[in-house]
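# Report on the structure
One letter stands for each residue in the lines below.
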Amino acid sequence: MERSAVKEVLGLLKKAEKAVAGKEITAEKESRCFDALSQLKYIPLTAETLVSSNAGKLLRPWRNYPNKKIRDLASTVYESWAKRLAAARKNQFLGEAKKTPTSALKSQEANRELIRGKLHQGLCMVLEETEEGDITRELVEASDPVGVALRVEEALFNNWGPGRLDNHWKYRSLCFNIKDPRNPDFRRKVLVGQVEPERIAGLMGRTRLEMARTRAEMASNQLQAEYERFEEISDRRRLIADTQKATTDQFKCGKCGKRETTYYQLQTRSADEPMTSYITCVSCQNRWKS
Ligand SMILES: [Zn+2]
(Lines give C-alpha, C1' and ligand atoms only; values in the text may rest on other atoms or scores of the structure.)
Protein backbone atom coordinates (compact mmCIF):
# COMPACT_ATOMS: atom_id res chain seq x y z
CA MET A 1 0.00 0.00 0.00
CA GLU A 2 2.68 2.44 1.03
CA ARG A 3 4.95 1.59 -1.86
CA SER A 4 2.17 2.09 -4.37
CA ALA A 5 1.29 5.42 -2.74
CA VAL A 6 4.87 6.59 -3.26
CA LYS A 7 4.76 5.40 -6.83
CA GLU A 8 1.54 7.28 -7.38
CA VAL A 9 2.89 10.51 -5.93
CA LEU A 10 6.03 10.36 -8.02
CA GLY A 11 3.92 9.49 -11.04
CA LEU A 12 1.69 12.52 -10.54
CA LEU A 13 4.65 14.83 -10.12
CA LYS A 14 6.09 13.52 -13.35
CA LYS A 15 2.73 13.90 -15.06
CA ALA A 16 2.51 17.53 -13.95
CA GLU A 17 5.95 18.20 -15.32
CA LYS A 18 5.22 16.52 -18.64
CA ALA A 19 1.95 18.43 -18.99
CA VAL A 20 3.71 21.77 -19.21
CA ALA A 21 6.79 20.58 -21.07
CA GLY A 22 7.83 22.25 -24.30
CA LYS A 23 8.11 25.88 -25.27
CA GLU A 24 4.50 26.71 -25.85
CA ILE A 25 2.45 26.75 -22.66
CA THR A 26 -1.29 26.67 -23.23
CA ALA A 27 -4.16 26.99 -20.79
CA GLU A 28 -5.08 23.41 -21.57
CA LYS A 29 -1.59 22.19 -20.69
CA GLU A 30 -1.65 24.09 -17.43
CA SER A 31 -5.04 22.74 -16.57
CA ARG A 32 -3.71 19.18 -17.02
CA CYS A 33 -0.79 20.08 -14.80
CA PHE A 34 -3.15 21.50 -12.16
CA ASP A 35 -5.25 18.35 -12.20
CA ALA A 36 -2.22 16.14 -11.66
CA LEU A 37 -0.97 18.26 -8.76
CA SER A 38 -4.37 18.49 -7.11
CA GLN A 39 -4.60 14.70 -7.00
CA LEU A 40 -1.57 14.70 -4.73
CA LYS A 41 -3.83 15.74 -1.87
CA TYR A 42 -5.75 12.50 -2.06
CA ILE A 43 -2.91 10.04 -1.81
CA PRO A 44 -2.61 8.54 1.64
CA LEU A 45 1.09 9.00 2.37
CA THR A 46 2.53 8.55 5.81
CA ALA A 47 5.04 10.98 7.26
CA GLU A 48 7.70 8.33 6.96
CA THR A 49 7.20 7.79 3.26
CA LEU A 50 7.03 11.53 2.68
CA VAL A 51 10.62 11.65 3.87
CA SER A 52 11.87 8.56 2.09
CA SER A 53 10.21 9.38 -1.24
CA ASN A 54 11.66 12.88 -1.52
CA ALA A 55 8.23 14.01 -2.72
CA GLY A 56 8.53 17.32 -0.84
CA LYS A 57 11.74 18.20 -2.60
CA LEU A 58 10.16 17.49 -5.98
CA LEU A 59 7.06 19.49 -5.16
CA ARG A 60 8.93 22.51 -3.80
CA PRO A 61 9.80 24.17 -7.17
CA TRP A 62 6.13 24.23 -8.17
CA ARG A 63 5.57 26.84 -5.48
CA ASN A 64 7.37 29.30 -7.75
CA TYR A 65 5.60 28.37 -10.96
CA PRO A 66 4.43 31.42 -13.00
CA ASN A 67 0.74 30.42 -13.07
CA LYS A 68 -0.77 31.57 -9.77
CA LYS A 69 -3.39 28.83 -9.56
CA ILE A 70 -0.73 26.14 -9.85
CA ARG A 71 1.62 28.01 -7.54
CA ASP A 72 -1.04 28.35 -4.83
CA LEU A 73 -2.08 24.72 -5.11
CA ALA A 74 1.52 23.53 -4.81
CA SER A 75 2.01 25.73 -1.76
CA THR A 76 -1.09 24.35 -0.10
CA VAL A 77 -0.06 20.74 -0.65
CA TYR A 78 3.52 21.46 0.35
CA GLU A 79 2.47 23.20 3.55
CA SER A 80 0.15 20.42 4.62
CA TRP A 81 2.91 17.86 4.01
CA ALA A 82 5.28 19.99 6.05
CA LYS A 83 2.75 20.20 8.88
CA ARG A 84 2.30 16.46 8.75
CA LEU A 85 6.04 15.94 9.10
CA ALA A 86 6.29 18.49 11.87
CA ALA A 87 3.48 16.77 13.77
CA ALA A 88 5.19 13.41 13.44
CA ARG A 89 8.47 14.82 14.68
CA LYS A 90 7.21 17.19 17.34
CA ASN A 91 7.11 15.09 20.45
CA GLN A 92 10.39 13.42 19.77
CA PHE A 93 12.29 16.68 20.06
CA LEU A 94 10.27 19.13 22.14
CA GLY A 95 10.06 19.95 25.84
CA GLU A 96 7.80 17.15 26.96
CA ALA A 97 10.61 14.72 26.31
CA LYS A 98 12.10 15.55 29.69
CA LYS A 99 9.08 14.27 31.59
CA THR A 100 8.39 11.13 29.64
CA PRO A 101 10.97 8.46 28.89
CA THR A 102 12.02 8.65 25.27
CA SER A 103 10.97 5.14 24.35
CA ALA A 104 7.45 5.65 25.74
CA LEU A 105 7.21 8.91 23.87
CA LYS A 106 8.42 7.33 20.69
CA SER A 107 5.82 4.62 20.98
CA GLN A 108 3.14 7.23 21.72
CA GLU A 109 4.19 9.25 18.71
CA ALA A 110 4.15 6.15 16.54
CA ASN A 111 0.58 5.53 17.64
CA ARG A 112 -0.46 9.07 16.91
CA GLU A 113 1.10 8.82 13.48
CA LEU A 114 -0.73 5.57 12.87
CA ILE A 115 -4.03 7.23 13.73
CA ARG A 116 -3.27 10.22 11.51
CA GLY A 117 -2.53 7.81 8.70
CA LYS A 118 -5.83 5.96 9.14
CA LEU A 119 -7.79 9.20 9.24
CA HIS A 120 -6.00 10.47 6.16
CA GLN A 121 -6.67 7.21 4.31
CA GLY A 122 -10.37 7.49 5.10
CA LEU A 123 -10.55 11.13 4.00
CA CYS A 124 -8.77 10.29 0.75
CA MET A 125 -11.61 7.91 -0.13
CA VAL A 126 -14.02 10.82 -0.42
CA LEU A 127 -12.85 12.13 -3.80
CA GLU A 128 -13.49 8.81 -5.50
CA GLU A 129 -16.85 8.55 -3.79
CA THR A 130 -18.02 11.96 -4.97
CA GLU A 131 -19.12 11.95 -8.58
CA GLU A 132 -18.42 14.76 -11.02
CA GLY A 133 -21.40 17.06 -10.98
CA ASP A 134 -22.28 16.23 -7.39
CA ILE A 135 -23.03 19.41 -5.48
CA THR A 136 -20.33 18.67 -2.93
CA ARG A 137 -17.68 17.87 -5.54
CA GLU A 138 -16.28 21.40 -5.55
CA LEU A 139 -16.03 21.45 -1.77
CA VAL A 140 -14.32 18.08 -1.79
CA GLU A 141 -11.81 19.15 -4.44
CA ALA A 142 -10.97 22.28 -2.48
CA SER A 143 -10.53 20.37 0.76
CA ASP A 144 -7.27 19.50 2.49
CA PRO A 145 -7.33 15.85 3.65
CA VAL A 146 -3.88 15.99 5.24
CA GLY A 147 -4.70 19.15 7.19
CA VAL A 148 -8.07 17.79 8.32
CA ALA A 149 -6.52 14.49 9.44
CA LEU A 150 -3.99 16.43 11.51
CA ARG A 151 -6.58 18.67 13.11
CA VAL A 152 -8.86 15.75 13.93
CA GLU A 153 -6.06 13.70 15.49
CA GLU A 154 -4.90 16.70 17.49
CA ALA A 155 -8.42 17.28 18.81
CA LEU A 156 -8.78 13.60 19.72
CA PHE A 157 -5.46 13.55 21.50
CA ASN A 158 -6.29 16.70 23.46
CA ASN A 159 -9.66 15.31 24.49
CA TRP A 160 -9.01 11.61 24.92
CA GLY A 161 -5.34 11.54 25.73
CA PRO A 162 -2.90 8.97 24.38
CA GLY A 163 -4.45 5.76 23.16
CA ARG A 164 -3.52 2.81 21.05
CA LEU A 165 -5.74 1.53 18.30
CA ASP A 166 -5.76 -1.95 19.76
CA ASN A 167 -6.82 -1.03 23.28
CA HIS A 168 -8.71 2.24 23.10
CA TRP A 169 -12.26 1.75 21.85
CA LYS A 170 -12.81 5.38 20.90
CA TYR A 171 -9.82 5.56 18.60
CA ARG A 172 -10.57 2.14 17.22
CA SER A 173 -14.21 2.94 16.61
CA LEU A 174 -13.43 6.25 14.92
CA CYS A 175 -10.74 4.79 12.67
CA PHE A 176 -13.13 2.02 11.73
CA ASN A 177 -15.96 4.41 10.98
CA ILE A 178 -13.94 6.82 8.90
CA LYS A 179 -12.87 4.00 6.58
CA ASP A 180 -16.07 1.99 6.65
CA PRO A 181 -17.08 1.37 3.00
CA ARG A 182 -20.75 1.51 3.97
CA ASN A 183 -20.38 4.90 5.58
CA PRO A 184 -19.25 7.49 3.01
CA ASP A 185 -21.35 10.27 4.53
CA PHE A 186 -19.41 10.50 7.74
CA ARG A 187 -15.97 10.97 6.15
CA ARG A 188 -17.34 13.44 3.62
CA LYS A 189 -18.84 15.52 6.41
CA VAL A 190 -15.54 15.49 8.27
CA LEU A 191 -13.52 16.37 5.17
CA VAL A 192 -15.61 19.36 4.12
CA GLY A 193 -15.87 20.67 7.66
CA GLN A 194 -19.52 19.86 8.28
CA VAL A 195 -18.39 18.00 11.38
CA GLU A 196 -15.71 19.94 13.27
CA PRO A 197 -12.71 18.07 14.74
CA GLU A 198 -13.63 19.21 18.25
CA ARG A 199 -17.12 17.89 17.74
CA ILE A 200 -15.84 14.47 16.75
CA ALA A 201 -13.83 14.29 19.93
CA GLY A 202 -16.89 15.37 21.88
CA LEU A 203 -19.13 12.89 20.08
CA MET A 204 -17.97 10.00 22.12
CA GLY A 205 -19.48 10.45 25.51
CA ARG A 206 -19.51 8.02 28.39
CA THR A 207 -23.15 7.28 29.04
CA ARG A 208 -24.99 4.57 27.21
CA LEU A 209 -27.35 7.06 25.59
CA GLU A 210 -24.48 9.20 24.41
CA MET A 211 -22.75 6.16 22.99
CA ALA A 212 -25.89 5.23 21.10
CA ARG A 213 -26.07 8.76 19.72
CA THR A 214 -22.43 8.66 18.71
CA ARG A 215 -22.96 5.48 16.79
CA ALA A 216 -25.98 6.98 15.11
CA GLU A 217 -24.10 10.12 14.18
CA MET A 218 -21.24 8.18 12.66
CA ALA A 219 -23.51 5.76 10.89
CA SER A 220 -24.76 6.46 7.41
CA ASN A 221 -27.45 9.02 6.75
CA GLN A 222 -30.00 6.28 6.33
CA LEU A 223 -29.21 4.73 9.69
CA GLN A 224 -29.19 8.14 11.23
CA ALA A 225 -32.67 8.86 9.94
CA GLU A 226 -33.87 5.53 11.34
CA TYR A 227 -32.32 6.32 14.67
CA GLU A 228 -33.91 9.75 14.76
CA ARG A 229 -37.30 8.23 14.07
CA PHE A 230 -36.77 5.76 16.87
CA GLU A 231 -35.73 8.54 19.17
CA GLU A 232 -38.73 10.60 18.22
CA ILE A 233 -41.09 7.73 18.90
CA SER A 234 -39.70 7.11 22.36
CA ASP A 235 -39.74 10.84 23.02
CA ARG A 236 -43.40 10.95 22.10
CA ARG A 237 -44.24 8.04 24.34
CA ARG A 238 -42.57 9.74 27.24
CA LEU A 239 -44.32 12.93 26.41
CA ILE A 240 -47.79 11.46 26.38
CA ALA A 241 -47.15 10.19 29.87
CA ASP A 242 -46.03 13.37 31.52
CA THR A 243 -46.46 16.52 29.44
CA GLN A 244 -49.32 18.52 28.11
CA LYS A 245 -48.78 19.95 24.66
CA ALA A 246 -48.77 23.75 24.59
CA THR A 247 -50.76 25.75 22.08
CA THR A 248 -49.12 28.66 20.31
CA ASP A 249 -49.37 30.98 17.31
CA GLN A 250 -45.60 31.32 17.27
CA PHE A 251 -45.20 28.85 14.37
CA LYS A 252 -46.70 29.06 10.91
CA CYS A 253 -47.70 25.85 9.14
CA GLY A 254 -45.82 25.43 5.87
CA LYS A 255 -48.67 23.42 4.37
CA CYS A 256 -51.84 25.38 5.10
CA GLY A 257 -50.36 28.66 6.31
CA LYS A 258 -52.35 28.78 9.56
CA ARG A 259 -50.85 29.60 12.91
CA GLU A 260 -52.87 27.27 15.10
CA THR A 261 -50.35 24.78 16.39
CA THR A 262 -49.51 22.65 19.35
CA TYR A 263 -45.92 21.94 20.21
CA TYR A 264 -43.60 20.41 22.71
CA GLN A 265 -39.90 20.92 23.24
CA LEU A 266 -37.23 18.37 23.96
CA GLN A 267 -33.55 18.39 24.58
CA THR A 268 -32.45 16.02 21.82
CA ARG A 269 -28.77 16.92 21.62
CA SER A 270 -26.32 18.07 24.24
CA ALA A 271 -27.49 20.35 27.02
CA ASP A 272 -25.81 23.46 25.64
CA GLU A 273 -27.67 23.34 22.34
CA PRO A 274 -31.15 24.79 21.86
CA MET A 275 -34.19 22.59 22.43
CA THR A 276 -35.94 21.00 19.49
CA SER A 277 -39.60 21.95 19.03
CA TYR A 278 -41.98 19.30 17.73
CA ILE A 279 -44.87 21.15 16.16
CA THR A 280 -48.26 19.90 14.99
CA CYS A 281 -50.68 21.99 12.96
CA VAL A 282 -54.15 21.90 14.52
CA SER A 283 -56.04 22.37 11.25
CA CYS A 284 -54.18 20.02 8.87
CA GLN A 285 -52.19 17.78 11.27
CA ASN A 286 -48.93 18.63 9.48
CA ARG A 287 -45.96 17.87 11.70
CA TRP A 288 -42.47 19.34 11.68
CA LYS A 289 -39.42 19.96 13.79
CA SER A 290 -37.86 23.33 14.51
ZN1 LIG B 1 -51.51 23.17 8.60
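Residues numbered from 1 in each chain as written. Predicted model: local features only at pLDDT ≥ 70, side-chain atom pairs only at ≥ 80, totals over all residues. Heavy atoms only, no water.

## Quick look at the packing of helix H8 (residues 145–160) against helix H9 (residues 169–179)
How two helices pack is summed up by the angle between their axes together with the distance between the axes. In plain terms, the rule: Here an axis means a line fitted to C-alpha atoms, over the contact stretch when the element is a helix, while the angle between two N-to-C directions is reported on a 0 to 180 degree scale. Here a strand is any run of E in DSSP of at least two residues, a helix any run of H or I of at least four, and the numbering for each starts at the N terminus. Put simply, angles under 35 degrees are roughly parallel, angles over 145 are roughly antiparallel, angles from 65 to 115 are roughly perpendicular, and the rest are oblique. In this scheme the handedness of a crossing depends on how the near helix is turned from the far one: anticlockwise by less than a right angle means left-handed, clockwise means right-handed. The contact criterion used is simple: two residues touch if any of their non-hydrogen atoms lie within 4.5 Å. Under the grouping applied here, Gly and all other residues not named as nonpolar or charged are polar, the nonpolar ones being Ala, Val, Leu, Ile, Met, Phe, Trp, Tyr, Cys and Pro and the charged ones Asp, Glu, Lys and Arg.
Two elements in contact, H8 and H9, have axes separated by 11 Å at closest approach and are oriented at 160 degrees. By the criterion of interaxial angle, the relationship of H8 to H9 is roughly antiparallel. The interaxial crossing formed by H8 with H9 has right-handed handedness. Here H8 contributes Val 152, Leu 156, Phe 157 and Trp 160 to the contact with H9, which in turn contributes Lys 170, Tyr 171 and Leu 174. Along the lines of polarity and charge, the residues of the contact of H8 with H9 split into six nonpolar, no polar and one charged.

## Some thoughts on the pattern of salt bridges
Spelled out, the test is: The rule for a salt bridge is simple: a side-chain nitrogen of Lys or Arg has to be within 4 Å of a carboxyl oxygen of Asp or Glu. Burial here depends on accessible area, computed with a 1.4 Å probe over protein chains only, as a share of the maximum for the residue type. Under 20% is buried, over 50% is exposed, and the range in between is partly exposed.
Scanning all chains against the criterion turns up eleven salt bridges. In this structure, Glu 129 engages Arg 187 in a salt bridge whose closest nitrogen and oxygen atoms are separated by 2.8 Å. Here Glu 129 is found in helix H6 (residues 102–129), whereas its partner Arg 187 is found in helix H10 (residues 184–191), with 58 residues between them in sequence. Exposure remark for Arg 187: the relative accessible area of 0% places this residue in the buried category.

## Observations regarding the coordination of the zinc ion
Put simply, the test is: Any N, O or S atom lying within 2.8 Å of the metal counts as a donor, with the limit raised to 3.2 Å for Na, K and Ca; because water is left out of the atom set, some sites can appear incomplete. Metal sites are grouped by the angles between bound donors: all angles between 85 and 135 degrees with four donors is tetrahedral, opposite donors over 155 degrees apart with the others between 65 and 115 is square planar for four donors and octahedral for six, and any other pattern is irregular.
Within the protein, the zinc ion binds to Cys 253 (SG), Cys 256 (SG), Cys 281 (SG) and Cys 284 (SG); these donor distances fall in the range 2.2 to 2.4 Å. The coordination sphere of the zinc ion comprises four donor atoms, whose angles at the metal cover 106 to 118 degrees; the geometry is tetrahedral. In primary-sequence terms, the residues that donate to the zinc ion follow C-x2-C-x24-C-x2-C. Taken together, the residues span a long stretch of sequence, with Cys 253 in the loop between strand S1 (246–248) and strand S2 (261–266) and Cys 284 in the loop between strand S3 (276–281) and strand S4 (287–289) at a distance of 31 residues. Residue classification places Cys 253 among the buried positions, given a relative accessible area of 3%. Residue class for Cys 284 comes out partly exposed when judged on its relative accessible area of 30%.

## What to know about the confidence of the model for the chain
Formally: pLDDT runs from 0 to 100 and stands for how confident the predictor is about each residue.
Overall, the predicted model of the chain reaches an average pLDDT of 79, with 76% of residues at or above 70. Averaged over each element, pLDDT in the chain is lowest for helix H13 (residues 221–242) (50) and highest for helix H2 (residues 27–39) (94).

## Quick word on unusual backbone geometry
Trans peptide bonds make up most of the peptide bonds, and negative phi angles are found at most residues other than glycine. Here Asn 54, not a glycine, exhibits a phi torsion of approximately 70 degrees, which is positive. The phi torsion at Gln 285 lies on the positive side, around 65 degrees, for a residue other than glycine. Considering the arrangement of structural elements, one finds Gln 285 in the loop between S3 and S4.

## Notes on the packing of H9 against H10
Contact geometry for H9 and H10: axes closest at 7 Å, N-to-C directions at 100 degrees. The pairing of H9 with H10 is recorded here as roughly perpendicular in orientation. In contact with Leu 174, Asn 177, Ile 178 and Lys 179 of H9, H10 contributes Phe 186, Arg 187 and Val 190. For the contact of H9 with H10, the class distribution of residues is four nonpolar, one polar and two charged.

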